Amino acid sequence: MTELTDQLSNTESQRHWPAFLLLGFDKGDAKTRMHQMQFHGPLRVQRPFYPEGEVCHVYLLHPPGGLVSGDDLNIQLQCEAGSKVLVTTPSAGKIYRADSNDIAQKQRVDIQVTDSRCEWLPMETIVFDGAHGRLNTQVNLYGDAQFIGLDVFCLGRPKSNLPFVSGSVEQRLALYHNDVPLLLERQFLASNDPLISARSGFNGKLVSGTLVAFGLAEPEQAVDSLRAYLQNESIQTLSVTYRLKVLVVRYLGACSEQAQTQLRACWQLLRPLMSGEPACIPRIWNT
């Protein structure tokens, strides 16, 4: 047994491909600067865009297009005082089928926002059948930080008749303000988990999404605006909660495109209530 464990451990250590990206932002004279970029492995960013003046728009790139067994991505964003940052991705993230040893695919995102504003708005993540994904996002906010984060998650590829019938995925989300935990979530799903089909769980819906916002000046107005949007559009796939100064919008449905459309509409409602500035849609979303 010990010999088999050692063999599996050696296999995992041999199939370990780390990638690292650190981006640092600060306030310049007329616009936010990306003053720091460190990287290792296949993680890059395009040249920053400034479609709304001082706000720095950044497109994060992972050229391989998805995670295979042994991949271990570490993404760090550091937003210093006075900076305004929007980060997105040009395409969906993918977690491919694991190898024969079921070695996990890992991604960790660490975001630190100090007296500044950060919008983390990546495209959806698609978990392929047979994947073993481990996804961890931690957001540390300090002072008068403002943050909006978006995550859309799809189990399998049902439209291609490729459901999620084997494998597992773990998601962790932690949000702190001045080192005090405000939102801590962990979700572990195996392909045979009864929660996937249970009415009290996913009820057979394979696409879920979360929008998190902190730093709203008028949270009650924000909640009222979102609930009015849900009512006027007769949307049955979203819910809204507000607790410990954190506003959370959740999606549960069957379509990642619908999830993105509806949660981005919520972002467009929240953005001016947070910053006094209208939402500026990244042009990559239109391609």
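Heads up: the structure comes first, above all this text.
Everything quoted here is computed from the prediction, not taken from an experiment.

Novice: Before we move on, could you go through the overall build of the protein and cite the residues and values that matter?
Specialist: Assigned secondary structure in the protein consists of three helices and 17 strands. Taking 2.2 N^0.38 as the reference for a compact globule, 287 residues should give roughly 19 Å; the C-alpha atoms of the protein span a radius of gyration of 19 Å, in line with that estimate. Principal-axis analysis of the C-alpha atoms gives the protein an extent of 60 × 45 × 40 Å. Looking at the protein as a whole, 48% of its 287 residues are labelled buried. Intrachain contacts of the protein at a sequence separation of at least 6 include 71% that bridge at least 24 residues.

Novice: Explain the state of the cysteines to me, using residue names and the numbers behind them.
Specialist: Per the counting criterion, the structure on display carries zero disulfides. In this model C255 remains outside any disulfide bridge; the closest cysteine sulfur is found in C154, 8.8 Å from its own. Here C266 is not cross-linked by a disulfide; its sulfur's nearest cysteine counterpart is in C255, at 15 Å.

Novice: So, the side chain of S168: which residues are in play, and what are the values?
Specialist: Relative to the helices and strands, S168 resides in strand β13 (residues 168–177). One polar contact links S168 to R134, side chain to side chain, over a distance of 3.4 Å. Every residue in contact with S168, bar those within four places of it in the chain, is listed here: A131, H132, G133, R134, F188, L189 and A190.

Novice: Kindly report on the environment of V68, identifying the contributing residues and their values.
Specialist: The residue V68 is located in the loop between β4 (56–61) and β5 (71–79) in this model. Note on V68: relative accessible area 32%, which makes it partly exposed. Counting along the chain gives 164 residues from V68 to N232, while the straight-line C-alpha distance between them is 42 Å. Once residues within four sequence positions are removed from consideration, V68 is found in contact with W17, Y96 and Q105.

Novice: Outline the packing of aromatic side chains, listing residues and values.
Specialist: All chains considered together, the criterion is met by three aromatic pairs. Arranged with centres 4.9 Å apart and planes meeting at 35°, the rings of F49 and Y59 form a pair that is tilted. Separated by 10 residues along the polypeptide, F49 in the loop between β3 (44–45) and β4 and Y59 in strand β4 bring together distant segments of the chain. Of the residues examined, F49 reaches a relative accessible area of 14% and is grouped as buried. Judged by its relative accessible area of 3%, Y59 falls in the buried class. Relative to W285, the ring of W267 lies with its centre 5.6 Å away and its plane at 70°, an arrangement referred to as edge-to-face. Separated by 18 residues along the polypeptide, W267 in helix α3 (residues 256–275) and W285 in the segment after α3 bring together distant segments of the chain. There is no split in this pair, since W267 and W285 are both buried. Directly above the ring of F49 sits R47, whose terminal nitrogen or CZ lies 5.5 Å from the centroid.

Novice: How would you summarise helix α2 (residues 219–232) if you had to cite specific residues and measurements?
Specialist: The terminal C-alpha atoms of α2 lie 20 Å apart, and with 14 residues this matches the ideal 20 Å at 1.5 Å per residue to within 8%. Buried residues along α2 sit in contact with β16 (238–243), β17 (246–253) and α3.

Novice: Residues and numbers for unusual backbone geometry, please.
Specialist: It is generally the case that most residues other than glycine have a negative phi and that most peptide bonds are trans. Unusually for a residue other than glycine, D102 sits at a positive phi of about 55°. When you line up the elements, D102 lands in the loop between β7 (93–95) and β8 (105–114). The exposure class assigned to D102 is partly exposed, which follows from its relative accessible area of 46%. Of note, the phi angle at D179 is positive, near 70°, even though the residue is not glycine. Structurally, D179 is set in the loop between β13 and β14 (180–190).

Reading guide: rules and limits
- Residues numbered from 1 in each chain as written.
- Predicted model: local features only at pLDDT ≥ 70, side-chain atom pairs only at ≥ 80, totals over all residues.
- Heavy atoms only, no water.
- Helix = DSSP H or I, 4+ residues; strand = E, 2+ residues; numbered from the N terminus.
- Rg over C-alpha atoms; globule rule 2.2 N^0.38 Å.
- Buried < 20%, exposed > 50% of the residue type's maximum accessible area, 1.4 Å probe, protein only.
- Contact = heavy atoms within 4.5 Å.
- Disulfide = S-S within 2.5 Å.
- Polar contact = N/O pair within 3.5 Å; in protein donor to acceptor, adjacent residues only side chain to side chain.
- Phe/Tyr/Trp six-rings, centres within 6.5 Å; stacked < 30°, edge-to-face > 60°.
- Lys NZ or Arg CZ within 6 Å of the ring centre and 35° of its normal.
- Expected span 1.5 Å × (residues − 1).

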